[in-house]
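Below, each chain spelled out in residue letters.
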Amino acid sequence: MKKIIITGASGMVGGIIVREALNSSEIEKVTSIVRKPSGQKHAKLEEVVHGDFNDYTKKNSHFKDQDAAYFCIGVYTGAVEDDKFKMITVDFAKSFGDAIKQNSPQAILCFLSGQGADLKEKSRMSFARYKGMAENYLMSLNLGGLHIFRPAYIYPVEKREEPNLAYRTYRKLYPVLKNIMPSSVITSEQLAKSIFRAGLNGAEKTILENEDIKKV
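Below, the structure is looked at part by part. Keep in mind the model is a prediction, meaning the values are calculated, not measured. (Residues numbered from 1 in each chain as written. Predicted model: local features only at pLDDT ≥ 70, side-chain atom pairs only at ≥ 80, totals over all residues. Heavy atoms only, no water.)

1. Looking at helix α6 (residues 188–201)
The terminal C-alpha atoms of α6 lie 20 Å apart, and with 14 residues this matches the ideal 20 Å at 1.5 Å per residue to within 8%. In terms of burial, α6 is a largely internal element, 10 of the 14 residues being buried. Taken together, the buried positions of α6 are occupied by Ser188, Glu189, Leu191, Ala192, Ser194, Ile195, Phe196, Ala198, Gly199 and Leu200. Residue Gly202 follows α6 closely and has a positive phi angle near 80°. (Helix = DSSP H or I, 4+ residues; strand = E, 2+ residues; numbered from the N terminus. Expected span 1.5 Å × (residues − 1). Buried < 20%, exposed > 50% of the residue type's maximum accessible area, 1.4 Å probe, protein only.)

Listed below in structure tokens is the structure:
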């Protein structure tokens, strides 16, 4: 029986990971770091309300003795100002990684990144550059295990309000894209289940591109 910790459980992918964990006989406890209570109740679930994702010092006890950790916080490009976008993408990931390193260095950390992340940190695209920064930092921590997931377009299995025109277009085109360009799409279910399993059992690679993710 294993213990896991997750942040970003209210999101499209994180929510499915929590569901899989709560339904799994392999999981003893799920600790979810949240800004506000979700209202979800389960014997295995402990929600820890925390307002500062840049500093987990006061929540260190919740990070101890974890077997797997999942970072699923993200924000769409253009949804916030660049400085806030960088803070959410880079700084939040660093703080979460530091908390795992300090309290559960043996844990496997799964990081939800994105296709095109630039490890050289020179891309003109802020998304690629910042994701690369976060990936580089997490790899420098030398954790018990680290798996970085770089999905392409994520098709939301559950209905939602799409954040912009591009995502509304992709959603409509998905039935075609999955047949003619399968490497460019993945469902939220496929992604979340792969991330969940990698946290428990590991994966063959540290960085998993879209097609690698589907094989986990």
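2. Remarks on the packing of aromatic side chains
The full count for this structure, using the stated rule, is nine aromatic pairs. Look at Phe53 and Phe92: their rings are 5.7 Å apart centre to centre, the planes differ by 65°, and that puts the pair in the edge-to-face class. Taken together, the positions of Phe53 in the loop between β3 (45–49) and α2 (60–63) and Phe92 in helix α3 (residues 82–103) put the pair 39 residues apart, joining distant regions of the chain. Accessibility expressed as a relative area gives 6% for Phe53, which makes it buried. One aromatic cluster is present, formed by Phe53, Tyr56, Phe63, Phe71, Phe92, Phe96 and Phe111 through successive ring pairs. Taking NZ or CZ as reference, Arg35 lies 4.5 Å from the ring centre of Phe53, over its face. (Phe/Tyr/Trp six-rings, centres within 6.5 Å; stacked < 30°, edge-to-face > 60°. Lys NZ or Arg CZ within 6 Å of the ring centre and 35° of its normal.)

3. Digging into the sheet that holds strand β6 (residues 145–150)
Taken together, the seven strands give an open sheet; going across it, the order is β3-β2-β1-β4-β5-β6-β9, and neighbouring strands pair in parallel fashion. The open sheet is flanked by β3 and β9 (207–209), the only strands paired with a single partner. Going from strand to strand, the sheet's axes swing by 15° on average, the running direction of each strand aside. In this structure, strand β2 (residues 27–34) lies alongside β3, joined through five bridges in parallel fashion. Note on β3: the bridge partner recorded for Thr31 is Glu46. Strands in contact with helix α1 (residues 12–23) are β1 (2–7), β2, β3, β4 (68–71) and β5 (108–112); relative to β1, the strand with the most contacts, it is inclined by about 165°. Along the sheet face, α3 touches β1, β4 and β5 and points at about 170° away from the line of β4. (Pairing = 2+ DSSP bridges. Axes fitted to C-alpha atoms, helices over the stretch in contact; angles between N-to-C directions. Contact = heavy atoms within 4.5 Å.)

4. Quick word on the pairing of β4
Here β4 shows a buried face lined by Ala68 and Tyr70 and a second buried face lined by Ala69 and Phe71. As paired strands, β1 and β4 are joined by four bridges and run parallel to one another. Following the sheet pairing, Ile6 is matched in β4 by Tyr70. Relative to β5, β4 runs parallel, the two sharing four bridges. Each residue of the ladder has a partner; that of Ala69, found in β5, is Leu109. As a crossover connection, the stretch from β4 through α3 into β5 is right-handed. (Right-handed = clockwise from strand over helix to strand, strands pointing away.)

5. Some points on the environment of Gly74
As for its position among the elements, Gly74 is in the loop between β4 and α3. Taking the C-alpha atoms as reference points, Gly74 and Phe85, 11 residues apart in sequence, are found 8.8 Å from one another.

6. Here's the deal with the pattern of salt bridges
Summed over the entire model, instances satisfying the criterion amount to nine salt bridges. Close ionic contact of Glu211 with Lys214 constitutes a salt bridge, the shortest N to O distance being 3.4 Å. Taken together, the residues Glu211 and Lys214, both in helix α7 (residues 210–215) and three residues apart, mark about one turn of the helix. By relative accessible area, Lys214 is classed as partly exposed at 29%. Several salt bridges share partner residues, and in doing so they unite Arg19, Glu20, Glu189 and Lys193 into one network. (Salt bridge = Lys/Arg side-chain N within 4 Å of Asp/Glu carboxyl O.)

7. Topic: the state of the cysteines
The final tally for this structure, using the stated rule, is zero disulfides. No disulfide involves Cys72; its sulfur sits 8.3 Å from that of Cys110, the nearest cysteine. Relative accessible area serves as the criterion here: at 9%, Cys72 is assigned to the buried category. Judged by its relative accessible area of 1%, Cys110 falls in the buried class. (Disulfide = S-S within 2.5 Å.)

Just distances and angles here, no functional claims.
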